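# Understanding the architecture of this molecule
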Amino acid sequence: MIDQRGETMSYKVLVVDDDPDVRSFVVTVLEENQYIPLEAEDGVAGLEMIEKYKPDLVILDVLMPRGSGIRLYRKLKTNDHLQSIPVIMFTGIALRSFLKSQKVLDEFDNGTVPEPDIYLEKPVEPEELIEAIRQKLK
Amino acid sequence: MSPNKILIVDDEEIIVRLLSISLRSDGYETLSAYNGEQGFEIFKSQSPDIVITDIKMPGMDGLELLKKIKETDTDSEVIIVTGHGDIDSTITALQYGASDFINKPVRDESLAIALERAKAKIEIREKLKEYTENLEEKIQEATNEIRRHSNFERLLIKSSNDAIVAFDQDWKVVVFNPEAVKMFGYTAKQILNQFTIDALYPPEIAAVFKLQAQKENNQKTLPWGECFLKTHDGRNIPVRYASNVLHENGQFVGTVNFFHDLTEIKRLEKELLQAERLAAVGQTVSGLAHYVKNILIGLKGGSYVVDVGIQKNNTRKLISGWNTIKNNIRRVSDLTQDLLTYSKNREPEFQVCEPNKIVEDVISLVTDFAASKKVEIKGDLDPSITRITADPKTIHRSLLNLVTNAIDACLEDENMLKKHEVILKTYIDQNNLYCFEVNDNGCGMSEETQKQLFSPMFSSKGGRGTGLGLLVTGKLVEEHKGSIDVETWQGVGSIFTIRLPQIESIAGEQ
């Protein structure tokens, strides 16, 4: 896709969140900033989308039914083909709780998964979100 | 040791020698003295068992010697050797305590008899002494034992952490231990043998103990109970009490009561309750804040989308953003309603209604939403239940809540191969209760979740639940005098059952 400013290529950004209101917000932010939005409503659907469309960035909720964001994040970071995709965690869960869960899972899996590139705690202003996206997609 | 040392006192040497020879041949040990003074000296230094003395002697005579010996040792056996016709001396000797008399000339037989008698007396006396000493020792021992026991018991009563009060058969106080002094605020002196049970206890408590004493056969020991006691300074203190009726040989001899001061425990209980309440409030507030924050996120996101729609004249965006805003307005209104329902005491509004119709309403309300999530809603309704008296709002609200939860449980389930469904059943159980069952094959619950199900602001749905749903449902059902139960198996599903009683009286009026 070619955007209005004539850039040759727009980035594909996948938003994985079970709350349709959140998706609608993020999708609008993405569209307003000339990214191509992709949507998934849970962790399982999210992984399918990632494998199918190879997005340039994933915006990921943590607490979701059917395959939580925690699990999807770890799957991405331990998959050779997918681990280079940057991930923005976008969630109501405090970073501290998230890191704690990661530590427990690290011990359980007997391996370390890197911390997420960017961790945004809801509520997030559109400007904040877009700044975080730009930072990852220069 | 048998007595066998004999002192012979006589001023005639020959008689002493002859007697000595004779006695030695019989196995005695003999000592000889030839006058009173010498005899007394030997008596003091050698302590013979028996003394045989002549009466008539120069210097200290036999009577004088007898007197001195008896003064020294009343138990000593002194045999007096008398001549014929010496009646006065004999009487005096008897008065002085002579043991026996032998006539002169001393014949072996009479001497032997006198000695045997003396020996027997000594032995008896010794045995008696031994017995007496033993008896004293035994009495001492027994006394010590009794004293030890009673000391121990007194100490036990004295040092008990419980107040111990005992009454005799006339209901007078006979035991009032230090803890009782502390508890009641009277001194033991004021109470002991002065107060009766009626003066010490409030009438209802006194009545309990008196009744117990009357019914001694079937209730000798009262189980622990709780009551209030009035203290000397007029305070009412909460106590735990136990009581025993005392019998001796089947006769009622009194009652003993034990009191444990509960003031501190009650205070702690109150504090704990307060702490729990505070914690619950804290939990509620933080849960609420979390939920409200989520609504805010929705509203902000929605208004951003609406802004974009307005700027770009994009109807699709406008609709989407507006839907988000409406959604979140609905969440606020649900939350408000839940909070009000939970905080207010509401009487159910009983009326004749058709429960199966209510269930069908609920099913039709959620079917479309459930279908969009690939969850099927089914009804399994007992047609014999037609009209019942109940509060239809309670049934509707509770079922809607349970069904929504059931759908969430299906969405939460990670088993994608399962065909998820929620079945609503109505039936009458063996206790004649109307049952409403919501049965899902979703994710089920862990034991921990199950435990917290009905606690305020507990939600397993992240920010999507108010944490009030089941609490409100539980309250509604309770107000309806019904019950709500859950059975759950992790990974298999859950069954929630609401049971409502039949309300005949109201049904009859209608």
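Residues numbered from 1 in each chain as written. Chains lettered and ligands numbered in written order. Predicted model: local features only at pLDDT ≥ 70, side-chain atom pairs only at ≥ 80, totals over all residues. Heavy atoms only, no water.

### Description of helix H1 (residues 13–25) of chain B
All names here are of chain B. Here H1 spans 18 Å end to end across 13 residues, near enough to the 18 Å set by a 1.5 Å rise per residue. Taken as a whole, H1 has its buried residues at Val-16, Leu-19, Ser-20, Ser-22 and Leu-23. Taken from the residues just after H1, Gly-27 is the one with a positive phi, measuring 100°. (Helix = DSSP H or I, 4+ residues; strand = E, 2+ residues; numbered from the N terminus. Expected span 1.5 Å × (residues − 1). Buried < 20%, exposed > 50% of the residue type's maximum accessible area, 1.4 Å probe, protein only.)

### Observations concerning the sheet that holds strand E16 (residues 483–489) of chain B
Residues and elements named next belong to chain B. Strand order in this open sheet of five strands is E12-E14-E15-E17-E16, and the pairing throughout is mixed. Looking along the sheet, the strands with just one partner apiece sit at the ends: strand E12 (376–381) and E16. Between one strand and the next, the sheet's axes are offset by a mean angle of 15°, whatever the strand orientation. Strand direction decides the pairing type here: strand E14 (residues 421–428) and strand E15 (residues 434–440), joined by seven bridges, are antiparallel. Looking at the pairing, Tyr-427 lines up with Cys-435 of E15. In this fold helix H12 (residues 355–372) packs onto E12, E14 and E15, with an angle of close to 170° to the strand it touches most, E12. (Pairing = 2+ DSSP bridges. Axes fitted to C-alpha atoms, helices over the stretch in contact; angles between N-to-C directions. Contact = heavy atoms within 4.5 Å.)

### A short note on the packing of aromatic side chains
We describe a pair of aromatic rings using the distance from one ring centre to the other and the angle between the two ring planes. Inspection of every chain in the model, using the stated rule, returns 15 aromatic pairs over all chains. Aromatic side chains Phe25(A) and Tyr304(B) sit 5.4 Å apart centroid to centroid with 75° between the ring planes, which places their arrangement in the edge-to-face category. With Phe25(A) in helix H1 (residues 20–32) and Tyr304(B) in helix H10 (residues 263–312), this pair bridges two chains. Relative to Tyr201(B), the ring of Phe167(B) lies with its centre 5.6 Å away and its plane at 85°, an arrangement referred to as edge-to-face. On the criterion of sequence distance, the pair formed by Phe167(B) in strand E6 (residues 163–168) and Tyr201(B) in the loop between helix H8 (197–200) and helix H9 (203–214) is long-range, its members being 34 residues apart. Neither residue differs from the other here; Phe167(B) and Tyr201(B) are each classed as buried. Among the aromatic side chains, those forming a connected cluster through ring pairs are Phe167(B), Trp171(B), Phe176(B), Phe184(B), Tyr201(B), Phe209(B), Tyr241(B), Phe252(B) and Phe259(B). (Phe/Tyr/Trp six-rings, centres within 6.5 Å; stacked < 30°, edge-to-face > 60°.)

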